[in-house]
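Residue strings, one per chain:
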Amino acid sequence: MGFEELLDQWDLVCEQKGLNRATSSCFFAGVLVGAVAFGYLSDRFGRRRLLLVAYVSSLVMGLVSAASVSYIMFAITRTLTGTALAGFTVIVITLELEWLDVGHRTVAGVLSTTFWTVGVMLLALVGYLIRDWRWLLVAVTLPCVPGILSLWWVPESARWLLTQGRVQEARRYLLCCARLNERPVDEDSLSLETLSKVAAGEHVVQRPSYLDLFRTSRLRHISLCCMVVWFAVNFSYYGQSLDVSGLGLNIYQTQLLFGAVELPAKLLVYLSVRHAGRRLTLAGTLLGTALTLGGRLLVSSEMVAWSTTLAVMGKGFSESSFTTVYLFTSELYPTVLRQTGMGLTALVGRLGGSLAPLAALLDGVWLSLPKITYGGIALLAACTALLLPETRHAQLPETIQDVERKSAPSSLQDEEMPMKLIHN
């Protein structure tokens with residue numbers, strides 16, 4: 001049974017065809033709630049525990065969605081699925097980066113998002129081969145199972161444990177990490193006394209709050225800029241994903257093409273963030289997105305090849321900004337508020353993604369207005385990204401005080417962090 005038969009099964013045609021679009025809105029509403037909830041809860045209760053909750057919830061809700069017997073049941077389960085999926089989206093990269101040193105953050109951050117791209121390409125193949133919507137939902141949900149099993153070997157963030165005063169647990173994970181990497185262990189640097197001093201110097205926010213992101217001047221500046229950038233990245237990314245008219249491709253070919261272009265984009269991001277830095281890479285990719293959207297305005301509808309080329313280039317730039325903003329944002333916020341900050345920015349980003357389809361309706365006012373809107377917002381965000389501090393070669397900040405002590409972006413790499421005691 002294909003998608004068209006699904007519409008007929010629940011009578012989502014004629015007067016009720018709007019309910020079909022409402023399903024996507026329900027999913028994005030769940031993503032909005034999940035970004036806020038999981039961001040806050042993982043700062044309070046830990047990354048690993050909430051990651052397990054997110055994976056299990058995604059698996060259960062995905063399978064229940066496939067077994068839906070009514071439209072109402074389907075809409076509710078898709079909303080809850082979106083909530084759960086937002087959880088491991090914002091937690092995984094943070095947990096990953098908190099275990100890495102400065103030299104390996106870039107390659108790991110870009111590599112992890114490459115698996116997203118592979119998933120996008122596989123989705124085109126799976127969707128083409130499995131036309132029954134119930135089995136398709138089952139097929140795209142089952143990969144959560146190996147994700148859940150892999151958590152057995154995933155440690156809790158030692159950085160987060162130290163900010164919570166759980167020194168013995170942090171030391172156990174650090175010693176295990178040293179053994180796995182076959183690195184000599186300095187008993188002095190990893191002694192309970194040394195780690196207790198590190199933990200005592202963190203001035204923990206016991207109950208993180210979203211208000212903490214705006215209490216101090218520098219965090220307020222970072223949060224406001226990141227909100228603008230995340231909104232624009234999602235707005236332009238999903239706007240271009242939806243704007244496939246005139247490409248001469250079906251939905252499966254478009255999905256595969258847009259996924260394939262992301263692979264070279266990842267390589268360019270890796271090279272750029274290593275040599276030019278996060279800030280210039282983010283601003284440059286957003287500017288590239290705006291320029292390609294502007295170029296499409298100058299191409300007539302008869303020039304299909306040029307239109308397709310510019311659309312693919314724009315998708316590549318947009319995906320590059322997506323990859324960069326995840327890495328950049330996670331390095332800007334301190335450990336005690338990192339997940340809270342990621343949750344807030346992801347919330348604003350998903351809001352931008354949910355508004356992208358509405359902007360597409362502006363073509364009824366003026367055919368070029370949607371592209372102008374997507375490109376204009378991307379250009380604004382490119383300028384805003386230049387206001388953020390650079391984090392290349394910088395130690396991750398642990399506390400709000402670490403962030404506020406940096407009076408200029410250039411001082412980020414010179415600031416001594418308590419966690420550096422562990423790496424020395």
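Note: the structure precedes this text.
Residues numbered from 1 in each chain as written. Predicted model: local features only at pLDDT ≥ 70, side-chain atom pairs only at ≥ 80, totals over all residues. Heavy atoms only, no water.

Visitor: Please explain unusual backbone geometry as it appears in this structure.
Guide: Among all residues except glycine, the phi angle is most often negative; among peptide bonds, the trans geometry is most common. Positive phi outside glycine occurs at His 393, with the angle close to 65°. Inspection of the secondary structure puts His 393 in the loop between α17 (369-385) and α18 (400-404). The class for His 393 is partly exposed, based on a relative accessible area of 48%. (Helix = DSSP H or I, 4+ residues; strand = E, 2+ residues; numbered from the N terminus. Buried < 20%, exposed > 50% of the residue type's maximum accessible area, 1.4 Å probe, protein only.)

Visitor: Explain the side chain of Thr 94 to me, please; I cannot follow it from the model alone.
Guide: Turning to its location among the elements, Thr 94 is positioned in helix α4 (residues 71-97). For Thr 94, a relative accessible area of 0% puts it in the buried group. When sequence neighbours within four positions are dropped, the list of residues in contact with Thr 94 reads Arg 47, Ser 330, Arg 338, Gln 339 and Met 342. (Contact = heavy atoms within 4.5 Å.)

Visitor: It is not clear to me how helix α12 (residues 251-260) should be interpreted in this structure. Could you clarify?
Guide: Every α-helix winds through 3.6 residues per turn, so residues three or four apart in the chain are directed the same way. By the burial criterion, the buried members of α12 are Thr 254, Phe 258 and Gly 259. Looking straight down α12, one finds its buried side chains confined to an arc of 125°; they lie on one side. (Arc of directions from axis to C-beta.)

Visitor: What am I meant to see in the packing of helix α11 (residues 217-242) against helix α14 (residues 278-298) here?
Guide: A pair of packed helices is captured by two measures, namely the crossing angle of their axes and the spacing between those axes. Two elements in contact, α11 and α14, have axes separated by 11 Å at closest approach and are oriented at 40°. The handedness of the crossing between α11 and α14 is left-handed. Between α11, through Val 229, Val 233, Ser 236 and Gln 240, and α14, the contact on the second element is made entirely by Leu 282, Leu 286, Thr 289, Thr 292 and Leu 293. (Axes fitted to C-alpha atoms, helices over the stretch in contact; angles between N-to-C directions. Left-handed = near helix turned anticlockwise from the far one by under 90°.)

Visitor: What's the story with the pattern of salt bridges in this structure? I'm lost.
Guide: Oppositely charged side chains may form a pair once their charged atoms are brought near each other. This structure, assessed with the given rule, holds eleven salt bridges. Between Arg 159 and Glu 398 there is a salt bridge, with the nearest N and O atoms lying 2.0 Å from each other. Separated by 239 residues along the polypeptide, Arg 159 in helix α8 (residues 158-163) and Glu 398 in the loop between α17 and α18 bring together distant segments of the chain. The burial state of Arg 159 is the same as that of Glu 398; both residues are buried. (Salt bridge = Lys/Arg side-chain N within 4 Å of Asp/Glu carboxyl O.)

Visitor: What's the story with a nonpolar patch on the surface in this structure? I'm lost.
Guide: On the surface, Val 118, Leu 122, Leu 125, Tyr 128, Leu 129 and Leu 263 cluster together into a nonpolar patch covering about 570 Å² of accessible area. It is helix α5 (residues 102-129) that provides the largest number of residues to the nonpolar patch, a total of five residues. Here Leu 122 shows up in helix α5. (Patch = residues over 30% accessible without salt bridge, like charges linked within 9 Å, V, L, I, M, F, W, Y side chains within 5 Å. Areas by Shrake-Rupley, 256 points an atom, 1.4 Å probe, with all protein chains shown as cover.)

Visitor: Looking at this structure, how should I read the packing of aromatic side chains?
Guide: Each aromatic ring pair is specified by the distance between its two centres and by the angle formed by the two planes. Within this structure, the stated rule accounts for eleven aromatic pairs. Between the aromatic rings of Tyr 128 and Tyr 252, the centroid separation amounts to 5.6 Å while the plane-to-plane angle is 80°, which identifies the pairing as edge-to-face. On the criterion of sequence distance, the pair formed by Tyr 128 in helix α5 and Tyr 252 in helix α12 is long-range, its members being 124 residues apart. Relative accessible area serves as the criterion here: at 47%, Tyr 128 is assigned to the partly exposed category. Since its relative accessible area comes to 26%, Tyr 252 is described here as partly exposed. On the numbers, 4.9 Å between centres and 70° between planes, the contact of Trp 230 with Tyr 326 is edge-to-face. Separated by 96 residues along the polypeptide, Trp 230 in helix α11 and Tyr 326 in helix α15 (residues 304-332) bring together distant segments of the chain. As far as the burial class goes, Trp 230 and Tyr 326 line up, both buried. An aromatic cluster is built from Phe 27, Phe 28, Trp 230, Tyr 237, Tyr 238, Phe 322 and Tyr 326, whose rings are joined through pairwise contacts. Positioned above the aromatic ring of Tyr 173, the side-chain terminus of Arg 172 is 5.1 Å from the ring centre. (Phe/Tyr/Trp six-rings, centres within 6.5 Å; stacked < 30°, edge-to-face > 60°. Lys NZ or Arg CZ within 6 Å of the ring centre and 35° of its normal.)

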